[in-house]
Amino acid sequence: MSMEITNRFENDVLVLGLDGRFDAHAAPQVEETFTTLFSQGATKVVVDFSAVGYLSSAGLRVLLVMIRKLKSAQGAIVLAGLQPHVKEVFDISGFTDLFTIEGSVQEALAAI
Amino acid sequence: MTKEATLQLPADTAYLKMIGEFVSRMAKISGFDDLDCKRIEVAVDEACTNVIEHTQRGASHDAFSICCRAVASGIEITISDRGAPFDFDSVAVPDVSAGAEDRPIGGLGIFLMKKFMDFVKYTPGADGMRHLTMSKNRPAG
């Protein structure tokens with residue numbers, strides 16, 4: 001496994017913790033985990049990126065799938081703890097404008 | 001002195017981490033800082049992901065290769081595979097200002113490659129292989 005994925009609920013908010021490389025190998029794992037929890041009713045999601053040291057366009061693709069599904073369900077997504085490299089990929093790809101991004105999970109939970 | 005190393009790999013995303021470690025190490029040897037090493041890693045990862053996604057999984061243990069060369073100006077990388085000739089420059093530049101609903105899913109890989117490297121070009125080889133060459137110059141100073 002290239003990525004460890006954890007999930008827990010803070011009240012009605014799903015906190016998805018990612019640890020590892022968010023590349024084309026990890027992307028299907030993340031999408032599957034999210035899709036399962038979304039189908040079970042999770043529509044508010046905080047994604048903890050603090051342990052993600054690497055992001056490629058395969059990861060961006062999954063995030064786009066997530067935000068579309070959540071918006072269609074009147075839900076919300078907030079990202080937390082982007083490292084400088086990950087933030088740069090977001091900035092270049094225009095994803096910084098698509099997502100609410102906070103420094104920590106606590107701030108993300110307060111913002112969602 | 002030129003330092004050069006080549007990896008030969010099967011078409012499987014499980015190898016992306018190994019590719020990343022190899023490329024990042026070669027970028028470090030070429031004198032790049034940590035952030036530039038990640039940029040180079042992303043560019044190569046995107047190219048390799050494209051190759052892997054367009055190659056039949058398990059088809060061969062040496063579906064493609066990555067050659068990294070530390071050169072005086074920085075780093076040169078060639079990714080070679082047996083894919084069909086591809087007009088790299090015909091790929092539309094994605095609209096990075098579009099909203100979440102208006103964006104196509106995918107299409108950012110080649111864009112990131114070009115953003116993170118100074119030079120990216122496909123050349124069909126006389127050997128029936130296809131070669132994607134990319135390079136990056138070390139920042140001055």
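Everything below is about the structure printed above this text.
Since this is a predicted model, take the numbers as computed values, not measurements. (Residues numbered from 1 in each chain as written. Chains lettered and ligands numbered in written order. Predicted model: local features only at pLDDT ≥ 70, side-chain atom pairs only at ≥ 80, totals over all residues. Heavy atoms only, no water.)

A. The side chain of B:Ser30, seen in detail. Residue and element names in this part refer to chain B. Assignment of secondary structure puts Ser30 in the loop between helix 1 (16-29) and helix 2 (34-53). What makes Ser30 buried here is its relative accessible area of 4%. Within the structure, the side chain of Ser30 is placed 2.7 Å from the backbone oxygen of Met26, a separation counted as a polar contact. (Helix = DSSP H or I, 4+ residues; strand = E, 2+ residues; numbered from the N terminus. Buried < 20%, exposed > 50% of the residue type's maximum accessible area, 1.4 Å probe, protein only. Polar contact = N/O pair within 3.5 Å; in protein donor to acceptor, adjacent residues only side chain to side chain.)

B. Just the interface of chain B and chain A, in detail. At the interface, 29 residues of chain B touch 24 residues of chain A. Taken together, the connections running from chain B to chain A amount to three salt bridges. Here chain B and chain A share 13 residue pairs in polar contact (both at pLDDT 80 or more) between them. Going through the elements one at a time, helix 1, helix 2 and helix 3 (109-116) of chain B are the ones with two or more residues in the side of chain B that touches chain A. Among the elements that take part in the side of chain B that touches chain A, helix 2 of chain B stands out by supplying eight residues, more than any other. Residues of the side of chain B that touches chain A, tallied by class, amount to 13 nonpolar, six polar and ten charged. (Contact = heavy atoms within 4.5 Å. Salt bridge = Lys/Arg side-chain N within 4 Å of Asp/Glu carboxyl O. Nonpolar A, V, L, I, M, F, W, Y, C, P; charged D, E, K, R; others polar.)

C. Focus on the packing of aromatic side chains. Residue and element names in this part refer to chain A. Going through the model one piece at a time under the given rule, you end up with six aromatic pairs over all chains. A ring pair is formed by Phe22 and Phe49, whose centres lie 6.2 Å apart and whose planes are at 40°; its orientation type is tilted. Within this pair, whereas Phe22 is found in strand 2 (residues 13-22), its partner Phe49 is found in strand 3 (residues 44-55), the two being separated by 27 residues in sequence. Residue class for Phe49 comes out buried when judged on its relative accessible area of 0%. (Phe/Tyr/Trp six-rings, centres within 6.5 Å; stacked < 30°, edge-to-face > 60°.)

D. Representation of the nonpolar core in the model. Formed by 74 residues in total, the largest nonpolar core has its most connected members in A:Phe22, B:Ile66, B:Ile77, B:Ile79 and B:Met134. Not counting the four nearest positions on each side in its chain, B:Met134 is found in contact with B:Ala43, B:Val44, B:Ala47, B:Ile75, B:Glu76, B:Ile77, B:Ile79, B:Met113, B:Met117, B:Phe119 and B:Val120. (Core = buried A, V, L, I, M, F, W, Y, C linked by side-chain atoms within 4.5 Å.)

E. Structural view of the environment of B:Asp36. Residues and elements named next belong to chain B. You can see Asp36 is positioned in helix 2. The class of Asp36 is buried, set by a relative accessible area of 5%. For the pair formed by Asp36 and Arg138, sequence separation is 102 residues and the distance between their alpha carbons is 8.8 Å. Within the structure, the side chain of Asp36 is placed 2.8 Å from the side chain of Arg39, a separation counted as a polar contact.

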